[in-house]
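# Structural description and commentary
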Amino acid sequence: MLATSNNKTQVVVVVNDVPASCSGSCSFQFSQEMTPLVSDVEYSADDRFQATVVIRGVGFSEESTTLQVQVKNKTCNIIMSDQTKVVCKMERLPLGVHQLALLVRPYGFALNASTGEGIFLRVEPRLVAIEPPRASEIGGLRVALKGTGLEGVNLVLFGSQPCPVLEDTRSSTQIECKVPSRGAEDAAVHVTLVSGYQSTTVTNLFQYDPSLNPAIVSLSRNRSGLAGGRELQIGISSFASYRGSDIKVQIGGVWAQIQVQMDNGLNVTLPGLAVGWYNVSVIINGVAIASNRVEPLIHYISEVFSIEPCCGSFLGGTLLTISGLGFSQNRSLVSVSINEQTCLVTHLAEETIWCLTPPAANFSNEVSQDVPVRVNILVSNSSLQNVPVAKSITFNYQRALTPLVTTVDVEILESSMLLSIQGVNITGSVAKLGDSECELELQRGNESAMFYECSLPLSNLEPGIYPIQVIQRQLGYSHVTARLQTITVTPRITSIFPSDGSICGGMLLTISGIALRSRRDLEQVSLDGNYSCELQSSDDNTIKCVVLSETHLLPYRWWAEVSWALNVTVTVNGISSVCPGDCTLHLREQSTPLVDVVTWETNGMYTDVTIKGQRLAWPGDSPVVHVNDQAVCKVTFWNETSIRCQMGCIAPGEHNISISNRRSGQACFRSTSSVLTVTPQVHQFYPQNFSTNGGGLLTFAGAALKGKSRTSVLIGQQPCLILNVTCIAIQCTVPPGNGARALRLTVDAISYDIGEISYSEESTPTFLSFAVTGLLLTINVSQVMETDAIHVFVGDSACRGVTITHSELQCSPPLLPAGEYPVLGLHVPRGWASSNLTFISQLMVTAVRCNWGGLNGGVVHLHGTGFSPAQTSVTICGSPCEMLGNATTTSLSCLAPRLQASLAFLCSLTHSSANCQEDRSTIIKCDVQVMVGSYCQQGPRSYLYLCGESQAQQQQGDSVPSQSHIAGLIASPKVERDEVLIYNSSCNITMETEAEMECEGANQPITAKITEIWKNWGQNTQV
């Protein structure tokens, strides 16, 4: 068939590579008049993940079925159309610039009316309102920003200050943030929304209003003591919205500690300050708030009005009541001294101090009747140290006001101590022994002396020696001249239980009585002979201890048929007890449990121990079996002659056994030893045939196999690597070997011969060959059965989904970096297979995303196989592409470098038919090379540098540019070979230096220097 020339574009149909005959007209002509044009695109989104796109222009259709709209490869469903307008709905788009395609059938795709090229839709945030539109200068108010496209906003600025966005209320139509303080901004502040690299600024939507600022409206107190420490409640109007803000309170020049924030104000702790008036300031977010109808002042004062009583005992103890202003309730901040001795403070209030006077210095019978002394009251705090509250206060010690005790008698009753006291001026007194005291009651009296009595419970008195103190509540301590100056409290034993028990001890002895406890834990129980009693617990009336004996260490025949009578004595605080009754503990053979036989056996993970003897337990009793002094054997059965108990894994070696019960105590071993000897027992081991390559799993089953310190297995002279050891089993990994090998078990340095195992080729699996088909690895094997369990490894990674059919094994190999990896197999339990197979992981690049950008480069995404997260390198036109930290074996990303200056000159080249003033920029096509170690990818991949800034910006929303939207001269420099390609045709280099290069096109007679193109920009220059 002959082809004829034609001035119009021809339509050719080819069937099986044979062009069809055209009997009529087969011409097609592009028409500007029939091309739909788009002049404007509007985008708006609702709050239900839907968006509306409005397209305006000419050449559209009223029939929606003839229209098709796609934005970012997503269909926009048409809801209305006419000749100049199309409205459609689609899923909401992310912020940015997106390519839009409008197809009008039968005419074709629409073009941009202004540029004649692609159509782009810009999605950006839009702010229409802020609620509320006004706030105080302090900020901190939660406001709602309403508009569209707000889901991608990551920063909001009020003026130049950020407004922190609250993530819990974010949507496409509304976001919320906390308004910053005004600072130096204008009252009507502009608001800026920032999304990625885009920003939108609006004005007249928000204003700071000083009339909305909170204010101090009340103070709970207007005075304080110098030490501070009291609570000040500050009432603040409209404060609920500012809780949790940056709030500080300053009193004078000192910051006060905030205790709690409430909706109506603050509670703070007043600091310590000197006498004077101080301003109270509240600062919120750096703004000091004003006051409203209240003076924010507090007065620090300190003054003493009176001291009562004026006089008291020479021996001290007078309760002084000091009245005044400005005291503190914190005892660590207030101190009172009398004549340089401390007056012990008992209670504190803001206006009152109570303290007990010390004794007068150098008191004797020759001291005068009246001794005046000075009282000093000191207040301290962080700012002031020991500030005196008053200049001069006087207290008088008087002999006439010193009570006198002339006689003291003591009588011990059943549970109390009766005190009889005679003296002068002791009406309204208390008698005190240590920390216990009782009120003296008048019994009789005459003009010279009065007689009083009171009773103290012995349960409140620890054993010890106590000085007698009598204190008159108003006057203070009495002068005791009686012959009895001290009283000794002695422990008293009333009974012991049990009164008899085992010769080997072990009984819990309960001692009852009075005054048996020491707060300093100084209690001790003593028994006669070779026995002691180990204290368990104690209180005022009871001591419990366990009787311990050393006689059980001697042969049974030494102490058999011997009875012991042990006297029980309690010593508390160094004072020995008295016992008005029987305090003797009787130990007899008739009360002693006896052990004749101890046996053990393993029951799974537990050990059963059986004990036989006499008087081992009684009905209602609870015997206890200790192993190595620990109650680890749980009793499951008992009677008078037998006890059975169960415990966990028992280790080989010697174990000390003891048996006791509450009634009789600890059992004695009569016909056997208390030491139980346990040795390891191996019942079986399996399997007995292994691979010559080792790696097999050898299992021992038996009893007492786990040692206290170490368990090991030897196969011949080589160790078997221990994997798991329990009481009844050992598992280990066998080493390589050949033939028969002896087994030796060593537990806690004691060795035992067990038997032998065999290594043979018949027990060794073999990998013969393999093939890779798709995602499956098929291996030909021998010495493997379909029922066997086998693991396959490629390098150090497992091959998943292993199946065995006849002599073939299949699995899914792992995704690995490019390289060579051994193929290994592990049979469970025989061991490693014999294999010389090597798996080769290929390096391939199957796809490149975002493979274009401006001259500054950008992020490139590569997909394929054989990548290595740590050893992959990528170059673009010979320059390294900076790796980003998200590489896997199948994908990686890198940052394309800025185009080298030596290649950037190609941007000045244009096609011979193109007008240099048109927006058709040059495109530089660079090879992308990926290497993993010494492996290089198979098949070339490219990255495009777009010389024109406008074209690069318009294409930002696309991940893969189409040829119809990137127009211009494509230059493909092969920098590694010093070659220039123009429209994929070679341009032969005739001269090149670092600064310039000359090349000659194959079909062009003109040879041009590249530098001349730069100088003659704007001319129609051809290369």
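Values in this document were obtained by computation on a predicted structure and should not be read as measured data.

## So, the confidence of the model for the protein
Predicted coordinates in regions of low pLDDT should not be interpreted in detail. Residues of the protein with pLDDT of at least 70 account for 87%, and the chain-wide mean is 83. Confidence drops under pLDDT 50 across residues 953–966; counting only partners more than four residues distant or on other chains, this segment forms 29 contacts. The low-confidence segment residues 1004–1023 (pLDDT under 50) makes 36 contacts with residues lying over four places distant or belonging to another chain.

## Points about the side chain of Thr192
Position of Thr192 relative to the elements: it lies in strand 21 (residues 191–195). At a separation of 3.0 Å, a polar atom in the side chain of Thr192 contacts the side chain of Thr201. Sequence-distant contacts of Thr192, defined by excluding residues within four places in its chain, comprise Leu155, Val156, Leu157, Ser199, Thr200 and Thr201.

## A short note on the sheet that holds strand 56 (residues 505–514)
Across the sheet, four strands lie side by side as 54-56-59-58; this open sheet has antiparallel pairing. Since the sheet does not close on itself, it has two edges, and those belong to strand 54 (492–497) and strand 58 (531–538), each with one partner. Between one strand axis and the next, the sheet turns by 30° as a mean value, whatever way the strands run. In this structure, strand 54 lies alongside strand 56, joined through five bridges in antiparallel fashion. In the strand pairing of strand 56, Phe497 is matched with Thr510.

## A few points about the side chain of Ser763
Here Ser763 is to be found in the loop between strand 80 (750–759) and strand 81 (766–773). A relative accessible area of 9% places Ser763 in the buried class. Here Ser760 takes part through its side chain, which lies 3.2 Å from a polar atom of the side chain of Ser763.

## Side note on the pattern of salt bridges
Scanning all chains against the criterion turns up 18 salt bridges. Here Asp596 makes a salt bridge to Arg670, at a shortest N to O gap of 3.1 Å. A residue pair is termed long-range when its members are at least 10 positions apart, and Asp596 in strand 64 (residues 594–603) and Arg670 in the loop between strand 71 (668–669) and strand 72 (675–678) qualify at 74 residues. Classification of Arg670 by relative accessible area gives partly exposed; the value is 28%. Between Arg744 and Asp753 there is a salt bridge, with the nearest N and O atoms lying 2.8 Å from each other. Taking relative accessible area as the criterion, Asp753 reaches 59% and is therefore assigned exposed. Because the salt bridges share partners, they merge into one network encompassing Asp40, Glu42 and Arg56.

## Re unusual backbone geometry
With an omega dihedral of -10°, the bond running from Glu308 to Pro309 counts as a cis peptide bond. Within the secondary structure, Pro309 is located in the loop between strand 33 (303–308) and strand 34 (311–312). Pro687 follows Tyr686 through a cis peptide bond whose omega is -15°. Looking at the secondary structure, you find Pro687 in the loop between strand 73 (681–686) and strand 74 (689–690). If you check the backbone angles, Asn573 has positive phi at about 55° while not being a glycine. Secondary-structure assignment places Asn573 in the loop between strand 61 (569–572) and strand 62 (575–576). Assessed through its relative accessible area of 16%, Asn573 is described here as buried.

## Thoughts on a nonpolar patch on the surface
Together, Val11, Val13, Val15, Phe28 and Phe30 give the surface a local cluster of nonpolar side chains, amounting to about 530 Å² of exposed area. Within the secondary structure layout, Val15 lies in strand 2 (residues 14–15).

## Here's the deal with the environment of Lys612
Relative to the helices and strands, Lys612 is located in strand 65 (residues 606–614). Spatially, the C-alpha atoms of Lys612 and Val595 are 6.0 Å apart, while their sequence positions differ by 17 residues. In this view, Lys612 contacts Leu594, Val595, Asp596, Val597, Thr641 and Ser642; residues no more than four positions away in its chain are not counted.

## Details of the state of the cysteines
The term disulfide refers to a covalent linkage connecting the sulfur atoms of a pair of cysteines. Per the stated rule, a full pass over the model turns up 14 disulfides. Through a disulfide, Cys163 is tied to Cys177; the S-S separation comes to 2.1 Å. Note on the Cys163 and Cys177 pair: the S-S dihedral is about 95°, so by sign convention the disulfide is right-handed. Residue Cys163 is located in the loop between strand 18 (161–162) and strand 19 (165–166), and its partner Cys177 is located in strand 20 (residues 174–178); the two are separated by 14 residues in the primary sequence. Cys177 gets classed as buried once you look at its relative accessible area, which sits at 1%. Covalently, Cys533 is tied to Cys545 through a disulfide, its sulfur atoms 2.0 Å apart. Around the S-S axis, the bridge from Cys533 to Cys545 shows a dihedral of about 85° and counts as right-handed. You can see Cys533 sitting in strand 58 and its partner Cys545 sitting in strand 59 (residues 542–549), a full 12 residues away along the chain. Cys533 gets classed as buried once you look at its relative accessible area, which sits at 9%. For Cys545, a relative accessible area of 0% translates into the label buried.

## Quick notes on the sheet that holds strand 97 (residues 891–895)
Consider a sheet: its strands pair through backbone hydrogen bonds, and that pairing is either parallel or antiparallel. Strand order in this open sheet of four strands is 91-93-97-96, and the pairing throughout is antiparallel. Every other strand in the sheet has two partners, leaving strand 91 (844–849) and strand 96 (882–883) as the edge strands with one partner each. When strand 93 (residues 859–865) meets strand 97, the two strands line up antiparallel, connected through five bridges. Looking across to strand 97, one finds that Val860 is bridged to Cys894.

Conventions we followed
- Residues numbered from 1 in each chain as written.
- Predicted model: local features only at pLDDT ≥ 70, side-chain atom pairs only at ≥ 80, totals over all residues.
- Heavy atoms only, no water.
- pLDDT = per-residue confidence, 0-100.
- Contact = heavy atoms within 4.5 Å.
- Helix = DSSP H or I, 4+ residues; strand = E, 2+ residues; numbered from the N terminus.
- Polar contact = N/O pair within 3.5 Å; in protein donor to acceptor, adjacent residues only side chain to side chain.
- Pairing = 2+ DSSP bridges.
- Axes fitted to C-alpha atoms, helices over the stretch in contact; angles between N-to-C directions.
- Buried < 20%, exposed > 50% of the residue type's maximum accessible area, 1.4 Å probe, protein only.
- Salt bridge = Lys/Arg side-chain N within 4 Å of Asp/Glu carboxyl O.
- Patch = residues over 30% accessible without salt bridge, like charges linked within 9 Å, V, L, I, M, F, W, Y side chains within 5 Å.
- Areas by Shrake-Rupley, 256 points an atom, 1.4 Å probe, with all protein chains shown as cover.
- Disulfide = S-S within 2.5 Å.

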